[in-house]
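Fold and geometry: a report
Chain by chain, the residues run as shown.
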Amino acid sequence: MAHIIVVTSGKGGVGKTTSSAAIATGLALKGHKTVVIDFDIGLRNLDLIMGCERRVVYDFVNVINGEANLNQALIKDKRCENLHILPASQTRDKDALTKEGVGKVLDDLADAGFEYIICDSPAGIETGAMMALYFADTAIVTTNPEVSSVRDSDRILGMLQSKSRRAEQNLEPIREYLLLTRYSPTRVKTGEMLSVGDVEEILAIKLLGVIPESQAVLKASNAGVPVILDKESDAGQAYEDTVSRLLGEELPLRFVTEEKKGFLKRIFGS
């Protein structure tokens, strides 16, 4: 049976698509057959970050409408044997997503042997976002360490607890995890950002990972490569730790304290 994970947030621009791509790739690299679906109908960014935008022929809405089958729409990742991408439509309206249509696609993906289905949600609570979270077994609530971002994430937690299929059917609640992105210990120290502890106290859900503010993320996105594949970068390593924790490993947090500069760095700068 497939495990459905939604990567969601209340606020836009917090790194959901980057995180969806990294987490899906990380799961696939660990041997799990994984598919990542772009629910952002009308915009479509996942295929760019995955580097497969030129290979899109059919999309998620085509499959829902019966204009293509899953085999025609799924794009197999060239770097990772176990990973597939189901892109969003750039030309349709978000209302093209229906519970019946989305549910059937998810069931068909499970029947096709996918172990993990990652739903890359649009921000907020519009149709695409609500469809992405409705069927979830696990939610990864992505937020920046800023008051407005954290407050909007708190609203999403309310939606997960009341508007999901699990809530409607009185099933075990969605497992909720916090993913803190664009974290800078230096800016926390100067009071420009909330600390990890501050965000945990406000949202009161289990912390899955902390992704440092890093130029590697922008560089990877521009290259169409999930940042988790950049093993030398701090962000890539942090996403790798995040995937390991998602699979049940206990790992200490990295990149959450300010790096102490050595003698030469203090004199000459980095």
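Quick note: structure is the one above.
Conventions used here
- Residues numbered from 1 in each chain as written.
- Predicted model: local features only at pLDDT ≥ 70, side-chain atom pairs only at ≥ 80, totals over all residues.
- Heavy atoms only, no water.
- Axes fitted to C-alpha atoms, helices over the stretch in contact; angles between N-to-C directions.
- Helix = DSSP H or I, 4+ residues; strand = E, 2+ residues; numbered from the N terminus.
- Left-handed = near helix turned anticlockwise from the far one by under 90°.
- Contact = heavy atoms within 4.5 Å.
- Nonpolar A, V, L, I, M, F, W, Y, C, P; charged D, E, K, R; others polar.
- Buried < 20%, exposed > 50% of the residue type's maximum accessible area, 1.4 Å probe, protein only.
- Arc of directions from axis to C-beta.
- Salt bridge = Lys/Arg side-chain N within 4 Å of Asp/Glu carboxyl O.

Comments concerning the packing of helix α7 (residues 147-162) against helix α10 (residues 196-203)
Between α7 and α10, whose axes approach to 10 Å, the crossing angle comes to 35°. Here the hand of the crossing between α7 and α10 comes out right-handed. From α7, Val150, Ser153, Asp154 and Leu157 reach across to α10, where they touch Val199, Ile202 and Leu203. Classifying every residue of the contact of α7 with α10 by side-chain character gives 5 nonpolar, 1 polar and 1 charged.

Some thoughts on α10
For α10, the complete set of buried residues consists of Val196, Val199 and Leu203. Seen end-on, α10 carries its buried residues on one side only, within an arc spanning 70°. One or two steps after α10, the chain reaches Ala204, where phi turns positive at roughly 55°.

Considerations on the pattern of salt bridges
Considering all chains together, one arrives at 11 salt bridges under this definition. Two residues, Arg187 and Glu192, come together in a salt bridge whose shortest N-O distance is 3.4 Å. Judged by its relative accessible area of 28%, Arg187 falls in the partly exposed class. Residue Glu192 is classed as exposed on the basis of its relative accessible area of 52%. The partner of Arg187 in a salt bridge is Glu213, with the nearest N and O atoms 3.0 Å apart. On the criterion of sequence distance, the pair formed by Arg187 in helix α9 (residues 185-189) and Glu213 in the loop between β8 (206-212) and α11 (215-223) is long-range, its members being 26 residues apart. Given a relative accessible area of 38%, Glu213 falls into the partly exposed group. Each of Arg187, Glu192 and Glu213 takes part in salt bridges that share partners, so that together they form one network.

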